[in-house]
Each structure stands twice: as C-alpha cells, then as structure tokens.
Amino acid sequence: MLEEIASTPDERRSILHSYIEPTDEEREQGKKVPTPAHHAIAALVRAGFIRVIITTNFDRLMENALREQGIEPTVVASEDALKGAEPLTHSQCYLVKLHGDYKDARILNTDSELSVYPASYDRLLDRIFDEHGLIVCGWSGEWDRALKAAFLRTHNRRYPVYWALRGEAGEGAQALIQHRAAKQVAINGADDFFKGLQQRVETLTQSQRQNPLSMDLLISSTKRYLSKPEYRIQLDDLFADESNRLMNQLDAIGYSGFGDLDQGQFRKLIAGYESAVEPLARMASVMGRWADGRDLPMVIGLVRSLDQHASRYGSGTTHLLALRHYPAVLIFTAYCLGLTRAERWHDLHSFLSTELPSRGADARTLVSELFLDAWSGGEDRNWKQLEGLDNKKMPLSTHLLQLMTEWRKSFDGVGLQFPLLMGRFEMMASLAYFESEDLSHLEGALVGYTNVERLAFMPVGRVAFDFDVQRPLVQELQSPSIRKSLLDAGFAQGSDRKFELFFENFSRYCQWVKWRR
C-alpha cells in the first residue's frame, strides 16, 4: 500500500512517522509506548538471558524499554551502523532493526526492498542463526523473503528454536518450523507470553541452590563443631553468622503482605524464601540429628527472631501476611526432622511446645503457629498455586515433603525411607498439638459425636492418606516401647488415655480426608 501512495523512501518515512510517534495525549493514554512484552524482554536482557534481539519493526519501543532498565543497546539499523557497531561478542544487548528506523529514510518496506538484504546483513544473520538459540514471536513467516532465506540457509540445529504463535502456523511459518525443528508454543499474545517467561525465569533464578561447595563446607563445619564440646563457641559463631545472613536476605526480599499475589508472584516469593533459608535449615537439621541439647536454645532463639521479623507489619491480607512466616516454617520443619531422625523425643516435645510471645489471650506455641494448616499461611488456596499441586490433597504437606527430600542428605543418611520419617514427624507434631485439648471435653465428644466426626481439630499431613506410610507408623507408635518413650518425653501430657484418644481422632481424620478435595 505504501508503495502505491508514496513514490520515494522519504515520503514513506513521513507517512509512517505519524503512526509511530505518540502525541502528548496518546502518551498520557499509554498508547505507542513500550508494552509489557517490551518490558519483560528488557528485564530478561538485564538479567543476562537475552543478548540479541532481531526486529522487523521501525519503532523505538524496544530501545526505550531497554533504557528504562539502564541498558544502552548496540543498535544496528543500517549498513553504516553495522560497520561502526560494537562487536556482537562484546555487546550486552545487540539490537538488529533489519528494516531500519522510522527516523531514517532508508527504511525497507516495499516488496522489492524486502526481497534481498545487503551482503553484510546476510553475514550477520548467518552468524546469529548459527550461534544462538531463537525465540520467534510475532512473525508470520509469510513476507520478508530475505529474512526467510536467511532462516533457511542455516542447516545446523545445535541450539533450539521456539516459535510462539496464536492459532495455527501458516504455510510460510510451517516450512520454517519444520526446517529448524522448532518447538511450537501456543500463546494468547506477546504480552502474556513474555511476562510469563520472565516470571518463570526469575523464579528459577531465585530458587537456584546456594553454591554446592559453600553449602557442603557449611554442613561439614557444623558436623565438625558438633563433634567436640570445645567447639561450642565456633558453632555459636557459625550459627549467628548464618542467622544474620538470612535476616539480611529476608530484608532484601521485603514482602509486606499487602496486595494480592498472582500465581507467578507467589511462586517467585516462595522460591526466594526457600533459596534464602536452605543453608540455615540444613544446618538446623544437622544439629537436630547430632547435637547433644545445646542446640535447642539456639534454634528456638532463631525461630523467635524470625517470628518477630515476620510480625513487623501489623496489617495486610491475613493469609498473605502469614507468608512472611514461611522461613520460620522451614526452619521449624527441618529441625524437627533432625530431632525425629535422632529419636530425641524429649527435645522434640520441648521444641514443639515452646511458646512464642503472646499476641492475645491464647498461648502461641511453635506447633500451633508453624505446623501445616495450624499456620495461617498453610491454606490450600495458597499452595495449590505451586507447580503440580493444583489437584493435590494437603498441598503444603506434599510440597514440604518434596523440598525436604532435596535437603535430606545433610542429616538423613541412607537406609530409611524418607516419607516414613516425614510421616513420623507429622504424627508427633499432630500429637503435640492435640495434647492441649481438655481430657473431659474429648471424652464427652467421644460419647456425643458419631463415628465419623472428629473429636477435635488438629493439623494432619499426607500421612492421613498415604497408607504405605500410615499403616506401619500407627503400628510402630502404638507399640509398648515407643508408647512409653513418647509418654515419658511429655507427649499427650504423659496420659495413656489422651494418647489413645489421639489415635481415635487420627482415625476419624483419615476418614474425613477421603472426602476432602
């Protein structure tokens, strides 16, 4: 159309200018400015995941988005610019505007102009297509014959190609997809696609483990300091240093509990917390497994500090505000697993029953604040947002099992089925929670309720429906020797009858869970 109404490149540039350059009114309305897709791509460039951008557009939206991120791209919009451009290898962001810039009359727009590129452009494209993986978005593959030719000239497939498209690929695109064995990605639009991609990459980045060498050194140092009483000061110093590091990282995350979180933001927050907490959580699990009792005040002090840190914001959306306590949940769970693995029943009961500073009439113990859905952040609607948990029962319990399985090598060793250990901890914690119930109330409930009604609320995890774990555990914990050990340690307040009522309540819980979604 432009070829018909404008006979010269200058005329075509002038016509396009009015469609690209926003007026003050359009700028106020958010028109002709960088889109969410531009901003997401710029964020991926800043993070180092994208270095080369090829566009057939004339506008400067991509450059503007990059500059908002503090990135000055190397822009190639003409043969002259290519000759004087910074080398591709040395550029943080190399932006190739194949058809030119709307401020330059040498734009390529007509069919004849798009049929052949300059030889220098062809060499550049051959190198990029040979040396880089590609994400293709917003290109039909039907026009731009010179670009299609460059795509088809590359025969190697050493790096992947992803072709994002709405609906079915046309004939032109299909030929190119087949030639490069590209993986097709169905999208609703460029904005959603690149925003989602950027959020997923950020989540993966935040969830990356700490340096394995530094993690191994931390765990080895903890075990060495636990081996002899004379290393008590070194252990205290190491624990204090890691605690300070964690607090600083939590300040950097800076989540306040205000405003809703979409799924991507929730996953990013959880991944960030887990990455920050992992070293200290694994250290706590080692202390729970091999320490001699001096560890208990240290871990209690840490959890109380985390509780205080998380409670700095007094208002917000309740179930979101509670997510600030997730680091304490992770330390609590990891340490309890170490204590359970060592069968340190007295210390486990003391830890579960430890009180936190009161915020009202009700006593706040660690088990009543940080264990599964007793924790106000443990609602299913939160944890069903994680990958693969949308249709799972007890999604928080399932996620913690998955996470602690990854961290287990620090303290668990070999020879024990980890789901069994996790189930044992969950039952011990449920028992510690249940024991606060008044015995006369429980006896009255047993008489007055039907066989399927629960006697009292208590948090129960996957063990309620994982029968491969449930059956051996119920048999084990009801054996005379284990029963005596637990009662002597203070579980069920030392009451045989309350111990029996716990298992009655647990059985009813298992029946209830069968019908729970």
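Everything that follows concerns the structure shown earlier in this document.
Anyway, here's the lowdown on the structure attached to this text. (Residues numbered from 1 in each chain as written. Predicted model: local features only at pLDDT ≥ 70, side-chain atom pairs only at ≥ 80, totals over all residues. Heavy atoms only, no water.)

The subject of this paragraph is helix H21 (residues 418–434). End to end, H21 covers 24 Å across 17 residues, agreeing with the expected 24 Å (1.5 Å per residue, within 8%). With 16 of 17 residues buried, H21 is to be regarded as a mostly interior element. (Helix = DSSP H or I, 4+ residues; strand = E, 2+ residues; numbered from the N terminus. Expected span 1.5 Å × (residues − 1). Buried < 20%, exposed > 50% of the residue type's maximum accessible area, 1.4 Å probe, protein only.)

Empty space among the atoms becomes apparent when a probe as large as a water molecule is rolled across them. Applying the stated criterion across every chain, the model contains three cavities of 30 Å³ or more. As a volume, the largest cavity reaches approximately 70 Å³. For the largest cavity, the lining is made up of ten residues, of which Asp373, Asp380, Met394, Leu396 and Ser397 are closest to its centre. By residue number, the principal contributor to the lining of the largest cavity is helix H20 (residues 395–407), which donates three residues. Residue composition of the lining of the largest cavity, grouped by class: five nonpolar, two polar and three charged. Each pocket or cavity is described by its volume, and for the second largest cavity that value is around 60 Å³. Taken together, Leu401, Pro419, Met422, Gly423, Glu426, Arg462, Val463, Asp466 and Val469 make up the full set of residues lining the second largest cavity. It is H21 that contributes the most residues to the lining of the second largest cavity, four residues altogether. Residues of the lining of the second largest cavity, tallied by class, amount to five nonpolar, one polar and three charged. (1 Å grid on protein atoms, 1.4 Å probe; cavity = no way out; pocket = protein on both sides within 12 Å on 5 of 7 lines; lining within 4 Å. Points joined across faces, edges and corners; volume = space filled by probe spheres on them. Nonpolar A, V, L, I, M, F, W, Y, C, P; charged D, E, K, R; others polar.)

Bringing the sheet that holds strand S2 (residues 74–76) into the picture now. In spatial order, the strands read S1-S3-S2; together these three strands make up an open sheet with parallel pairing. Of all the strands in the sheet, just strand S1 (52–55) and S2 have a single pairing partner and so form its edges. Here the average twist between neighbouring strands, direction ignored, is 15°. Across the sheet, helix H5 (residues 61–68) touches S1, S2 and strand S3 (94–97), and the angle it forms with S3 is around 165°. (Pairing = 2+ DSSP bridges. Axes fitted to C-alpha atoms, helices over the stretch in contact; angles between N-to-C directions. Contact = heavy atoms within 4.5 Å.)

Throughout the structure, instances matching the rule amount to 27 salt bridges. Among the ionic pairs, Arg462 bridges to Asp466, the shortest N-O distance being 3.4 Å. Here the two residues Arg462 and Asp466 agree in accessibility, since each one is buried. Salt bridges sharing partners connect three or more residues here, namely Glu443, Arg483, Asp496, Arg497 and Glu500. (Salt bridge = Lys/Arg side-chain N within 4 Å of Asp/Glu carboxyl O.)

Looking at the secondary structure, you find Glu4 in helix H1 (residues 2–5). When the C-alpha positions of Glu4 and Ala119 are compared, they lie 28 Å apart, and in sequence the two are 115 residues distant.

Further remarks concern the nonpolar core. The nonpolar side chains of a soluble globular protein tend to be buried with one another. If you look at the biggest cluster of nonpolar residues, it comprises 106 residues, and the most contacted ones within it are Tyr326, Ile331, Phe351 and Phe491. Contacts of Tyr326, omitting those with residues within four sequence positions, involve Ile270, Tyr273, Glu274, Trp375, Trp383, His399, Leu400 and Leu403. Of all hydrophobic cores here, the second largest spans 29 residues; its members include Leu82, Tyr94, Leu124 and Phe151. (Core = buried A, V, L, I, M, F, W, Y, C linked by side-chain atoms within 4.5 Å.)

On to helix H16 (residues 326–342), then. With 17 residues, H16 extends 25 Å from end C-alpha to end C-alpha; this agrees with the ideal 24 Å at 1.5 Å per step. Within H16, 15 of the 17 residues are buried, which leaves the element mostly enclosed by the surrounding structure. A positive backbone phi angle near 55° is found at Glu343, which sits one or two residues after H16.

What follows deals with the sheet that holds strand S6 (residues 183–186). Reading across the sheet, the three strands line up as S4-S5-S6 and stay open at both edges, with parallel pairing between neighbours. For this open sheet the edge positions go to strand S4 (134–137) and S6, each flanked by a neighbour on one side alone. The average undirected angle you get between the axes of adjacent strands in this sheet is 20°. Inspection of the sheet shows S4 paired to strand S5 (residues 161–165) by four bridges, in the parallel sense. Pairing of Leu134 across the sheet is with Val161, part of S5.

With that out of the way, let us pick up the pairing of S3. Burial of S3 is two-sided: the residues Tyr94 and Val96 facing one way and the residues Leu95 and Lys97 facing the other way are all buried. As paired elements, S1 and S3 share four bridges and run parallel to each other. Its bridge partner lying in S3, Val52 is registered against Tyr94. Sheet analysis places S2 next to S3, joined by three bridges and oriented parallel. Paired with Val75 across the bridge in S3 is Leu95. Of the crossover connections in this fold, the one passing from S2 over helix H6 (residues 79–84) to the parallel S3 is right-handed. (Right-handed = clockwise from strand over helix to strand, strands pointing away.)

Read these as layout, nothing more, since geometry by itself doesn't imply function.
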